[in-house]
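Commentary on secondary and tertiary structure
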Amino acid sequence: MKPVGPIPSGYATVDGELAIGGRTARALVAEAGGTPLFVYSRAHLDARMAELRAALPARVGVNYAVKANPHPAVIAHMAPLVDGFDIASAGELRLCEAAGIDAGRISFAGPGKRDAELEAAIAAGVTLNCESEGEGARALAIGERLGIAPRIAVRVNPSFAMTGSGMKMGGGPKQFGVDAERVPALARHLIAHGAEWRGLHIFTGSQTLSAEAIIEAQANVLNLATELAEAIGGPLPKLNMGGGLGIPYFPGDTPVDLAKVGAALAERVADLPEVLAGTELCMELGRYLVGEAGVYLCRVIDRKESHGTTFLVTDGGLHHQLAASGNFGTVVRRNYPSAIATRYGAQGEEEVNIVGCLCTPLDRLADNALMPRAEVGDLVAVFCAGAYGATASPSAFLGHGPAAEILV
Ligand code: PLP
């Protein structure tokens, strides 16, 4: 038997079924026209933002990293809740524009920005988080051609990373950002050549559950920003401090102690050095804002036995939930939080392997999991599906196509 991860709070049982936003799983599937289906919960998005606002000092803004979930309804819902949007492509820019988000609230990071992407961002007035000297030169040239001073911040490749981070974004050679020691020269060059100086972006890692690691990273980021701002000369307009707050996916994971992170940050920002005194500060968060707000629902198509093992074969799979299948950067496969949505809250009765419909043994949603007995037609729920699900999975693989998505 292998345990499943912890189911996020805020999900209810109605008539023996999982309910999201007050509607049962079956009702949601009927409304969406079938399975597989991602359901995103407004109530969860709102609750998470309220918790964050309560914990963080008012001085520190919250940006939404659109890559976590670029569904138009999710972007539109987040628009009045967050301060800014961080995008990673011109495609994400178009989604933000379609949601009516002002370009002044958007910043664009990511290596390999094409000229057309730089042009679209500069023309719109988006801040570019510049990833290299070469990108800076192209941005200046495009700005000159358009007759627009490009808004540019420099993304720093720091010499440290967030410890305990699922994905480290600093500390050694990286394709992201400019090595810290070269940042002052680049910043001065950009300013001297007509860029509108927007400050620094220092993103050190993601998916961290340790408050101590986050506090340490934030302290390092503020120290580095201070040094760099002094070396550049003059006050820093803005500092994107990165994010990194993770969510519990696996057995034994516990939530980030947000109160502790907020208290340490409040203490730190109450005592900033002169060069950061007027700096606009923000954090950049993706999965922490939306991950627990999403549930992936798929249907049991077949129930079969093989050598004494029961398989629940669903119409879902890794083509929508690559991360839950264990194939998105995990070394050892562990079970995401999952349940039989149509028998929610019922006692576990049997050990099953819940698999998808793709013809690869990689396509597993839960291994050796204790579940109530499920029959063909029952619905399976995979939780923590609000981030890096629908758009971070190979939905064209084997021709099954994408899952539907609804916000309730
Ligand atoms: N911003 C940048 C620059 C990133 O590299 C990442 C993830 O790697 C994120 C934001 C979002 O991270 P998360 O969804 O874990 O908050």
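Residues numbered from 1 in each chain as written. Predicted model: local features only at pLDDT ≥ 70, side-chain atom pairs only at ≥ 80, totals over all residues. Heavy atoms only, no water.

Some points on the environment of Gly234
- Assignment of secondary structure puts Gly234 in the loop between helix 8 (211-232) and strand 14 (238-240).
- According to the relative accessible area criterion, Gly234 is partly exposed, its value standing at 39%.
- For the pair formed by Gly234 and Val275, sequence separation is 41 residues and the distance between their alpha carbons is 6.9 Å.
- Ignoring any residue separated from it by four or fewer positions in sequence, one finds Gly234 in contact with Ala229 and Val275. (Helix = DSSP H or I, 4+ residues; strand = E, 2+ residues; numbered from the N terminus. Buried < 20%, exposed > 50% of the residue type's maximum accessible area, 1.4 Å probe, protein only. Contact = heavy atoms within 4.5 Å.)

Details of the domain arrangement of the protein chain
- Splitting the protein chain by domain gives domain 1 (12-40 + 292-407) and domain 2 (70-285).
- The distance between the C-alpha centroids of domain 1 and domain 2 comes to 34 Å.
- With eleven residues of domain 1 at the interface, the matching set in domain 2 holds ten residues.
- Interface area, domain 1 with domain 2, both sides summed: about 1,000 Å², of which 70% is carbon and sulfur.
- At the junction of domain 1 with domain 2, the criterion picks out zero salt bridges.
- The tally of links between domain 1 and domain 2 comes to zero residue pairs in polar contact (both at pLDDT 80 or more).
- Residues that form the side of domain 1 that touches domain 2 fall into these classes: five nonpolar, three polar and three charged. (Domains from an automatic or database assignment. Buried area = accessible area lost by both parts, 1.4 Å probe. Salt bridge = Lys/Arg side-chain N within 4 Å of Asp/Glu carboxyl O. Polar contact = N/O pair within 3.5 Å; in protein donor to acceptor, adjacent residues only side chain to side chain. Nonpolar A, V, L, I, M, F, W, Y, C, P; charged D, E, K, R; others polar.)

Side note on the nonpolar core
- Membership of the largest hydrophobic core comes to 104 residues, with the highest contact counts inside it found for Tyr64, Phe85, Leu200, Leu239 and Leu289.
- Here this core gets ten residues from one element, more than from any other, and that element is helix 8.
- Looking at which domains feed residues into this core, each of domain 1 (12-40 + 292-407) and domain 2 (70-285) supplies at least three.
- Ignoring sequence-local partners within four residues, the contact set of Leu200 consists of Ala153, Val154, Val156, Val183, Ala225, Leu228, Ile232, Leu236, Lys238, Leu239 and Asn240.
- Of all hydrophobic cores here, the second largest spans 18 residues; its members include Tyr11, Leu37, Val295 and Phe383. (Core = buried A, V, L, I, M, F, W, Y, C linked by side-chain atoms within 4.5 Å.)

Digging into the site of the ligand
- As a matter of local geometry, the ligand sits amid Ala65, Lys67, Arg155, Met169, Phe203, Ser206, Gln207, Glu284, Leu285, Gly286, Arg287 and Tyr388.
- The separation between a nitrogen atom of the ligand and a polar side-chain atom of Lys67 is 3.2 Å.
- Calculation on the ligand without its partners gives an accessible area of 390 Å², and the protein chains cover 94% of this total.
- Partitioned by chemical class, the residues of the shell around the ligand number five nonpolar, three polar and four charged. (Near = heavy atom within 4 Å. Areas by Shrake-Rupley, 256 points an atom, 1.4 Å probe, with all protein chains shown as cover.)

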